[in-house]
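Okay, here's what each chain looks like letter by letter:
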Amino acid sequence: MPANASRISQDALDQLFMSARTHNGWLDTPVSDDKLKEVYDIAKMGATSMNTQPMRLVFVRSPEARERLSTMVSPGNVDKVRQAPVIVIFANDTKFYEYMPKIWFREGAKEMFEGNPAMAAATATRNATLQAAYFMIAARAVGLDCGPMSGFDIPKVNAEYFADGRYQANFICALGFGDETKLFERQPRLSFEEVSTLL
């Protein structure tokens, strides 16, 4: 191992992965604006291809806003949306490339993506999803719990929150302090051998 390489503690690994759980029930404890900003400021440092950073965020917090969003999710997610102190709508910016002159060190990146819609769409989807995963890990790192959900009506959410069409909803995630009494049993994970090919 290189001399400058280091490994995070087992406690940190447990908090981020080994003991962390996907939560379904939530304590009535608010999440502050400062905490959300702290999570983003950590997550934004995660790598994206060409530093594209296409993730966009909508934080749905008030009871009225959560109730409205609850009408756009599958039946099994309604109570989660109503109860969690924050629901994040993770979205992709389809015109992320407009920021490229600011965030990428070489000229021509904006024009490259602008001239290739298929590449731009794939880049937005792939890297915004990657950033959303960073965001959830960052949330766990600062003591929050997460409950990602894909069961929602994407066209309705897009029409409600992204009417101009520039942003496209990817998935939603409850954030807050989980109620451990509402956890499901942890489900099995596939082994290294089941998912890996060594060439």
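Please read all numbers here as calculations on a predicted model, not as lab measurements. Counting restarts for each chain, with residues numbered from 1 along the sequence as it is written. The predicted nature of this model means local features are confined to residues of pLDDT at least 70 and side-chain atom pairs, given and counted, to a pLDDT of 80 or more, with totals for whole chains, interfaces and linings taken over all residues. Hydrogen atoms and water are omitted, and side-chain values are computed over all heavy atoms in the structure.

Colleague: With reference to specific residues and values, describe the pattern of salt bridges.
Modeller: Counted as salt bridges are all cases of a side-chain nitrogen of Lys or Arg within 4 Å of a carboxyl oxygen of Asp or Glu. For the structure on display, the rule yields 11 salt bridges. Across the pair Glu38 and Lys35 runs a salt bridge, and its minimum N-O distance is 3.6 Å. Of the two residues, Glu38 and Lys35 are both situated in helix α2 (residues 33-43); the distance of three residues between them amounts to about one turn of the helix. Relative accessibility thresholds used throughout: buried, under 20% of the residue-type maximum; exposed, over 50%; partly exposed, between the two (1.4 Å probe, protein chains only). Residue Glu38 is classed as partly exposed on the basis of its relative accessible area of 36%. Lys44 is the salt-bridge partner of Asp41, the closest N and O atoms lying 3.3 Å from each other. Counting from the N terminus, the helices are DSSP H or I runs at least four residues long and the strands are E runs at least two residues long.

Colleague: Explain helix α7 (residues 117-141) residue by residue, including any values.
Modeller: At 3.6 residues per turn, the α-helix brings residues three or four places apart onto the same side. An expected span of 1.5 Å times one less than the residue number is assigned to each helix. Relative to the 36 Å expected for 25 residues at 1.5 Å per residue, α7 spans 36 Å between its end C-alpha atoms, a close match to the ideal helical length. Residues of α7 that are buried: Ala120, Thr123, Ala124, Asn127, Ala128, Gln131, Ala132, Phe135, Met136, Ala138, Ala139 and Arg140. Gly143 occupies a position one or two residues after α7 and carries a positive phi of about 100°.

Colleague: Describe helix α8 (residues 154-161), listing the residues and the values that go with them.
Modeller: Within α8 the residues assigned to the buried category are Val157, Asn158 and Tyr161. Buried residues of α8, seen end-on, are gathered within an arc of 100° and therefore sit on one face of the element. α8 presents Pro155 and Ala159 as exposed residues on the side facing more than 90 degrees away from its buried surface. Pairs of residues are marked as contacts when any of their non-hydrogen atoms sit within 4.5 Å. Elements that come into contact with the buried residues of α8 comprise β1 (55-60), α3 (63-70), β2 (86-93) and β4 (167-176). The N-cap residue of α8 is Asp153: its side-chain oxygen and the backbone nitrogen of Lys156 are 3.1 Å apart. Each C-beta atom gives one direction from the helix axis, and the arc is the one those directions make. Here a polar contact is recorded for every N or O atom pair within 3.5 Å, except that within protein the pair must consist of a potential hydrogen donor and a potential acceptor, and residues adjacent in sequence are included only if both atoms are side-chain atoms.

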